[in-house]
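# Structural overview for review
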Amino acid sequence: MTIHIAICDTDIEYPKHLQNLILNYGEPDHTYEISLYHNDVLFIDKYCECPTCNVILANMELEHMSGIDLVKVIRQSIDDSVIPVFYGDYPEYMYDPISMHPYYFFQKTNNISVILNILHELTSRYFHYFKNSNNRYVKDLDRYLNDDDILYIEHSDKPQTATIIHTISDIITISGNTFPVDSFLKSPLFARCDDRIIVNLTHITSFNDTSIILDNANILTVSRDTSRDIRHLYLQYAFSLKKRQNAI
């Protein structure tokens, strides 16, 4: 399972420390995608474009607002599912009531075990939630799409530049070239067929060196340059799926 974590802090070094801590000592059965942000306003703007985080680690003291206010903005206007973990230099931060649940807090002076215990509780207590949190906000549509519902995403130049999202229920066209297609490649569920198409690996039923057949019977062409990569990614996904099923 991949857990997406964003760390927002005006400090440069401490987020790197947290990142290394999570990557080196996090749960061995999970992978972590970690993004670092040092400006709270820019973080909100970036999150509006593509909210994909499960967890936000935020310093209580940021440049333009507190960590609590940062998460409030995101939860109220962008993504109400994200789980916050606050940290700071003083425990007094937690003396004032906080009207959001769940949340976690640790002091920067706490030892490593305290931080790892929080991470362990997050990954164990919210495992089912994280596993199914495949919704992503599409700013151009002002709506959420579930990754599981997407068959493939196509870039088109004719008759005009557009991004076409093929889902199990409909086809969505977004004019222009501002849609962040490459953000889907950060997910282990998506892979590039060629320069124009990104496919959802979960909907592949069979493939060869030149084409892919999806579970809705659509056939996609695979370029020679990506054929080996997509075969490797699909087998990796299939092995991971079988491993999870055997563990149940």
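Up top is the structure these notes are about.
So, here is what we can say about the structure in this document. (Residues numbered from 1 in each chain as written. Predicted model: local features only at pLDDT ≥ 70, side-chain atom pairs only at ≥ 80, totals over all residues. Heavy atoms only, no water.)

## Thoughts on the packing of aromatic side chains
- Applying the stated criterion across every chain yields a total of 6 aromatic pairs.
- Here F86 and Y103 contribute two aromatic rings whose centre-to-centre distance is 6.2 Å and whose plane-to-plane angle is 50°, an arrangement assigned as tilted. In this pair, F86 is assigned in strand β4 (residues 83-88) and Y103 in the loop between β4 and β5 (104-107), connecting sequence segments 17 residues apart.
- A relative accessible area of 27% places Y103 in the partly exposed class.
- An angle of 75° between the planes, with centres 5.2 Å apart, marks the rings of F184 and F190 as edge-to-face. (Phe/Tyr/Trp six-rings, centres within 6.5 Å; stacked < 30°, edge-to-face > 60°. Helix = DSSP H or I, 4+ residues; strand = E, 2+ residues; numbered from the N terminus. Buried < 20%, exposed > 50% of the residue type's maximum accessible area, 1.4 Å probe, protein only.)

## Quick look at the pattern of salt bridges
- The final tally for this structure, using the stated rule, is 2 salt bridges.
- Note that R196 and E154 form a salt bridge whose closest N and O atoms lie 3.1 Å from each other. Of this pair, R196 sits in the loop between β11 (190-192) and β12 (197-200) while E154 sits in strand β8 (residues 150-156), and the two are 42 residues apart along the sequence.
- Using a relative accessible area of 17% as the deciding quantity, one classes E154 as buried.
- Here D209 ties to R231 by a salt bridge, and the two come within 3.2 Å at their closest N and O atoms. Within this pair, whereas D209 is found in the loop between β13 (204-207) and β14 (211-214), its partner R231 is found in helix α6 (residues 224-247), the two being separated by 22 residues in sequence.
- Owing to a relative accessible area of 49%, D209 belongs among the partly exposed residues under this scheme. (Salt bridge = Lys/Arg side-chain N within 4 Å of Asp/Glu carboxyl O.)

## Looking at the environment of F106
- Assignment of secondary structure puts F106 in strand β5.
- When the C-alpha atoms of F106 and D89 are compared, they prove to be 8.8 Å apart, with 17 residues separating the residues in sequence.
- When residues no more than four places from it in sequence are discounted, the contact partners of F106 are Y14, L18, V85, F86, Y87, G88, V114, I115 and I118. (Contact = heavy atoms within 4.5 Å.)

From the geometry alone we can't say anything about function, so treat these as descriptive.
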